[in-house]
Amino acid sequence: MEKLSSPKKTIEVIQKYNFDFQKKFGQNFLIDGRVLDKIIDAAEISKEDFVLEIGPGIGTMTQYLAENAREVLAVEIDKNLIPILEDTLSEYENVSILNEDILKVDIGKIAKERNGGRPIKVVANLPYYITTPIIMGLFESHVPIASITVMVQKEVADRMQAGPGTKDYGALSLAVQYYAKPYIVANVPPNCFMPRPKVGSAVIRLAKYQQPKIEVSNEKLMFQLIRASFNQRRKTLQNGIKNFSELNFSKEQVAEALEQMEVSASVRGEALTLEQFAHLSNLLDR
Ligand code: SAM
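Let me begin by describing the structure that accompanies this report.

Conventions and cut-offs
Residues numbered from 1 in each chain as written. Predicted model: local features only at pLDDT ≥ 70, side-chain atom pairs only at ≥ 80, totals over all residues. Heavy atoms only, no water. Helix = DSSP H or I, 4+ residues; strand = E, 2+ residues; numbered from the N terminus. Buried < 20%, exposed > 50% of the residue type's maximum accessible area, 1.4 Å probe, protein only. Contact = heavy atoms within 4.5 Å. Areas by Shrake-Rupley, 256 points an atom, 1.4 Å probe, with all protein chains shown as cover. Lys, Arg positive; Asp, Glu negative; His and termini not counted. Charge placed at Lys NZ, Arg CZ, Asp CG, Glu CD. Phe/Tyr/Trp six-rings, centres within 6.5 Å; stacked < 30°, edge-to-face > 60°. Core = buried A, V, L, I, M, F, W, Y, C linked by side-chain atoms within 4.5 Å. Domains from an automatic or database assignment.

**What to know about the overall build of the chain**
- A count of helical and extended segments in the chain gives twelve helices and nine strands.
- Over its C-alpha atoms, taken along the principal directions, the chain stretches across nearly 70 × 40 × 30 Å.
- Of all 286 residues assigned to the chain, the portion counted as buried reaches 52%.
- Restricting to contacts in the chain with at least 6 residues of sequence separation, those with at least 24 account for 66%.
- As displayed, the chain offers around 13700 Å² of accessible surface, 47% of which is attributable to carbon and sulfur atoms.
- Side chains of the chain carry 35 positive and 36 negative charges; the gap between the two charge centres is 5 Å.

This is how it looks when you write it as structure tokens:
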């Protein structure tokens, strides 16, 4: 069968099945083979790998994954796409399709049963309306994951990769960088999709740390401190923490911790590195 990554083939499949694009599911299908080659390269997929694909659509990326991986599990929420996928992927014996909402799937159980509990690779052209819950869900659930290589909105990729002192730096940068090393592989313009999204896109690879990069005694507290400081970005860190309803530290307690860290009392959260947030959290967690 001809590859689905050509616009002509995609249109043919859409028409054959009279398929209606569902905006609510973030359906923008890839129609550029070069972008797909880049994704497969960046994900470093080999015949040893078990790959989880989120949202296969009509199976465009799934075909590439099936040719390169040992086994692919593709989880698709839209039931109207299931008969299409059964057709477009019929010649691949190493692909299975699950008609489910990815946010409700027990991925840890799947990794255990299908990959002997070894780290799996996640590859996807993500539905943009749930990018952050999907990625954070994968990290926070402590499912064994080697890497996540995904197409996301360009702006989100920039935020994930941003460092202290930049306008894109925020809670998402820190949350992602706590678990993984991000690397933007490519920027992808709207004309590589059908239909065209209104925003630019980018492929980002998140190589998960198999051992935590930083030591923090209370993860929950560290993330509360991070949220407190970016909730009120223009305020000093001391005020941000004092005003954050989930926390109960006095300005003096924060000032003392900052002094021990040799950081100015008037510092803003946006200037602190992940290591400094961890240090602050460890000092306050007593
Ligand atoms: N992978 C295909 C491609 O690159 O052409 C389609 C990508 S499209 C951006 C996103 C896909 O995710 C759609 O097929 C959509 O139906 C599916 N999707 C949306 N929400 C989902 C969810 N909660 N769980 C699983 N799949 C979902």
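There is more to say after this.
**Describing the packing of aromatic side chains**
- A complete count under the given rule lists eight aromatic pairs for this structure.
- Centroid distance Phe19 to Phe29: 6.0 Å. Interplanar angle 25°. Geometry classified as stacked. Separated by ten residues along the polypeptide, Phe19 in the loop between helix 1 (7-16) and strand 1 (29-30) and Phe29 in strand 1 bring together distant segments of the chain.
- The exposure class assigned to Phe19 is buried, which follows from its relative accessible area of 7%.
- Among the residues examined, Phe29 registers a relative accessible area of 8% and is labelled buried.
- The interplanar angle of 75° and the centroid separation of 4.9 Å between the aromatic rings of Tyr178 and Tyr179 together place this pair among those described as edge-to-face.
- Residue classification places Tyr178 among the buried residues on the basis of a relative accessible area of 8%.

**Remarks on the nonpolar core**
- Core analysis: the largest hydrophobic core is formed by 68 residues, its most contacted members being Leu52, Ile54, Met222, Ile241 and Leu280.
- A total of seven residues in this core trace back to one element, the largest contributor, which is helix 9 (residues 219-231).
- Looking at which domains feed residues into this core, each of domain 1 (7-208) and domain 2 (219-284) supplies at least three.
- Leave out the neighbours within four places in its chain, and Ile241 touches Leu225, Ala228, Leu247, Phe249, Val254 and Leu280.

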